[in-house]
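Each chain, letter by letter, is given below.
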Amino acid sequence: MIGILGAGALGRLWAACLPAGRVAFIARPAEPAGASIRYRFRPFNGPETDVHVPWLTAGDIPEVVLVTTKAGDAFEAIAGVIDRFPRQTPIVLFQNGLGSQQRVAARWSDRPILAASSTEGANRPEPDLLVHAGTGDTWIGPMTESAGRQLNPVVELLNASGLTVHPEQHILQRLWQKLVINAGINPYTALLDCPNGDILASSLYLDTIDGLCHELSELMRASGQGKQTPEALRQRIEAVARKTARNTSSMRADVLNGRITEINFINGYLATLGKDLRIQTPVNQMLTEQVQQLSPG
Ligand code: NAP
């Protein structure tokens, strides 16, 4: 049995794609596990299907736990249930950005904690409809020592979904690569309330992107993530913004839906890292503060 903690868009995508009967959602400790979760699944290609996913029962021992909450909820969500699972149960973190993964790995360093970086796209336009909006790749890699041994079995298990899953020994590097793109696109789309491509002509973007890329370049170098020039980073950000020009970023979607964004784990993570490393990050700080003002809480 594969346990999924977080029955939102990404959790429901994995639950719908993994073989039926092999998956269960993990309820919050205070939440009595009721009837199974039912929803319609609209795959990227092919007809809609009905999906029923049961709740994990007290007697079920999961082979692996996928954590698909938002980054800000992951630590508390895991803390609420982890004592139910044997020490060797691998736990795979699917959160975007950085910061939450390191916090979980540091707290449960004796457990096999893995992190995933995924370019799959899933959303819930209605509460009981899950749309697989874009196919992509998922890379999984170890965050703690004991996770190394579990990497290949976990990848094999998740490949049964039909989604494309790869082992990645250097998962932090891969998470950094995604972080840089997210940091250069998501806050602008949220602040300007526009699709990805439209940020490129805005004065907010044009006035701050060189400063942001300078900060990103310095932070990457100081964190052992290699030397990338600000110009190269800007080119990568703009190539992705153009390729995904009509897309709505998850941060803009969160603001539009009145949900808390993941800014604290994207530009906020970078601003905090800058303080620790004594690197000035005025653009990351400004973007973090302005996006925080758009979101509840
Ligand atoms: P989401 O739709 O908001 O789903 C998160 C789910 O976690 C919600 O159903 C939430 O329940 C649940 N949750 C929160 N606290 C919990 C707890 N303590 N115990 C159990 N469940 C809890 O978010 P998402 O779009 O699936 O994204 C999840 C993560 O994956 C994010 O970090 C995102 O950046 C990343 N990601 C998403 C995609 C994608 O295509 N969606 C792709 C790549 C990466 P409530 O709603 O009841 O609070």
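Everything here concerns the structure above.
Every value quoted in this text rests on a predicted model; they were computed, and no experiment measured them.

Caption draft 1: Expanded view of the overall build of the protein. If you tally the helices and strands in the protein, you get 10 helices and 11 strands. Taken against the 2.2 N^0.38 rule, which gives 19 Å for 297 residues, the C-alpha radius of gyration of the protein at 19 Å falls within 12% of a compact globule. With respect to the three principal axes, the spread of C-alpha positions in the protein is 55 × 40 × 35 Å. Counting only residues that meet the buried cut, the protein has 52% of its 297 residues in that class. Considering only intrachain contacts with a sequence separation of at least 6, the fraction spanning at least 24 residues in the protein is 68%. Carbon and sulfur atoms make up 50% of the accessible area of the protein, which totals about 13,700 Å². Of note, the protein has its 27 positive side-chain charges centred 1 Å away from the centre of its 28 negative side-chain charges.

Caption draft 2: Looking closely at the side chain of threonine 261. Here threonine 261 lies in the loop between helix H8 (250-256) and helix H9 (267-277). When its relative accessible area of 8% is taken as the criterion, threonine 261 is described as buried. Once you skip the residues sitting within four places of it in the chain, threonine 261 turns out to touch Met251, Asp254, Val255, Val291 and Ser295.

Caption draft 3: Representation of unusual backbone geometry. We note that aspartate 193 has phi near 50°; this positive angle belongs to a residue other than glycine. Assignment of secondary structure puts aspartate 193 in the loop between helix H5 (171-192) and helix H6 (203-222). The phi torsion at arginine 278 lies on the positive side, around 55°, for a residue other than glycine. Mapped onto the elements, arginine 278 comes out in the loop between H9 and helix H10 (282-294).

Caption draft 4: Structural detail: the site of the ligand. Around the ligand there are 21 residues in total, and Ala9, Leu10, Asn96, Ala122 and Glu262 lie nearest to it. One of the backbone N or O atoms of leucine 10 is found 2.8 Å from an oxygen atom in the ligand. The separation between an oxygen atom of the ligand and a polar main-chain atom of asparagine 96 is 3.1 Å. For the ligand, whose free accessible area comes to 900 Å², the fraction covered by protein is 75%. Among the elements of the structure, helix H1 (9-17), helix H2 (71-81) and strand S8 (121-126) are those that each provide at least two residues to the shell around the ligand.

Caption draft 5: Main features of the side chain of serine 202. Its location among the elements puts serine 202 in the loop between H5 and H6. A polar contact of 2.8 Å, which involves the side chain of serine 202, links it to the backbone oxygen of isoleucine 199. Within polar-contact distance, the side chain of serine 202 engages the backbone nitrogen of tyrosine 205 at 3.2 Å.

Caption draft 6: Just the packing of aromatic side chains, in detail. Evaluation of the coordinates by the stated rule reveals five aromatic pairs. Pairing tryptophan 176 with tyrosine 269 gives two aromatic rings, centres 6.5 Å apart and planes at 70°, and the pair type is edge-to-face. Taken as a pair, tryptophan 176 in helix H5 and tyrosine 269 in helix H9 lie far apart in primary sequence, 93 residues in all. Since its relative accessible area comes to 3%, tryptophan 176 is described here as buried. Between tyrosine 188 and tyrosine 205, the aromatic rings sit 5.1 Å apart at their centres with planes inclined by 75°, giving edge-to-face as the arrangement. Taken together, the residues tyrosine 188 in helix H5 and tyrosine 205 in helix H6 connect sequence positions 17 residues apart. Here the two residues tyrosine 188 and tyrosine 205 agree in accessibility, since each one is buried.

The rules behind each value
- Counting restarts for each chain, with residues numbered from 1 along the sequence as it is written.
- Per-residue local features are limited, in this predicted model, to residues with pLDDT of at least 70; the limit for side-chain atom pairs, both in listing and counting, is 80 or more; totals at the level of whole chains, interfaces and linings are taken over all residues.
- Excluding hydrogens and water, the side-chain figures rest on all heavy atoms present in the structure.
- Here a helix means four or more residues in a row that DSSP labels H or I, a strand means two or more in a row labelled E, and each is numbered from the N terminus.
- For a compact globule the rule gives 2.2 Å times the number of residues to the power 0.38, and the radius of gyration it is set against comes from C-alpha atoms.
- Note on exposure labels: buried denotes an accessible area under 20% of the residue type's maximum, exposed denotes more than 50%, and partly exposed covers the range between, all computed with a 1.4 Å probe on protein chains only.
- Here, residues are in contact when the closest pair of their heavy atoms is within 4.5 Å.
- In this description, accessible areas are obtained by the Shrake-Rupley approach with a 1.4 Å probe, and a residue is regarded as covered only by the protein chains that are shown.
- For the purpose of charge, His is not counted, nor are the chain termini; Lys and Arg are scored as positive and Asp and Glu as negative.
- By convention, the point assigned to a charge is CZ for Arg, NZ for Lys, CD for Glu and CG for Asp.
- For each residue, the test is whether any non-hydrogen atom lies within 4 Å of the molecule or strand; if one does, the residue is near.
- What qualifies as a polar contact is a pair of N or O atoms within 3.5 Å, subject to a donor-acceptor requirement within protein and to the restriction that residues adjacent in sequence count only when both atoms come from side chains.
- Pairs were defined over the aromatic rings of Phe, Tyr and Trp, the Trp ring being its six-membered one, requiring ring centres within 6.5 Å. Orientation was assigned from the angle between planes: stacked under 30 degrees, edge-to-face over 60, tilted for the rest.

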